[in-house]
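Structural overview
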Amino acid sequence: MEVNKEIDTRGLNCPLPILKAKKALTDMQSGQLLRVVSTDAGSLRDFQAFARQTGNELVGQDTVGVEYIHVLRRR
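These figures come from a predicted structure and were not determined experimentally. (Residues numbered from 1 in each chain as written. Predicted model: local features only at pLDDT ≥ 70, side-chain atom pairs only at ≥ 80, totals over all residues. Heavy atoms only, no water.)

**What about the environment of leucine 34?**
Counting through the fold element by element, leucine 34 comes out in strand β2 (residues 33–38). According to the relative accessible area criterion, leucine 34 is buried, its value standing at 0%. In this structure the C-alpha to C-alpha distance between leucine 34 and leucine 16, which are 18 residues apart in sequence, comes to 16 Å. (Helix = DSSP H or I, 4+ residues; strand = E, 2+ residues; numbered from the N terminus. Buried < 20%, exposed > 50% of the residue type's maximum accessible area, 1.4 Å probe, protein only.)

**Examining the pattern of salt bridges**
Where charged atoms from two side chains of opposite charge approach closely, those side chains can pair. This model, assessed by the stated rule, comprises four salt bridges. Across the pair arginine 35 and glutamate 6 runs a salt bridge whose closest N-O atoms are separated by 2.9 Å. Placement of the pair is arginine 35 in strand β2 and glutamate 6 in strand β1 (residues 5–9), with a sequence separation of 29 residues. We note a salt bridge from arginine 73 to glutamate 57, for which the minimum N-O separation is 3.2 Å. Separated by 16 residues along the polypeptide, arginine 73 in strand β4 (residues 67–73) and glutamate 57 in strand β3 (residues 57–64) bring together distant segments of the chain. Take arginine 73: its relative accessible area is 30%, and that puts it in the partly exposed class. A relative accessible area of 43% places glutamate 57 in the partly exposed class. Each member of the salt-bridge network shares a partner with another, and the members are Asp8, Arg10 and Glu67. (Salt bridge = Lys/Arg side-chain N within 4 Å of Asp/Glu carboxyl O.)

Shown next, in the form of structure tokens:
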């Protein structure tokens, strides 16, 4: 999977990872992929809700150690 942009939100708690992802997506073109790395356990459900509410596709989520990785496709 080729990611077009990645943002690091490690150490930030809700709602900052979502807000940074929202800002990053506005600078991207439709269909491009954004990878967000977070350490906030709540970000798993937050990004699911964010995708439903905004129409951006949540392509995948993964947990690696204490990091949560979210991949979104810009609508």
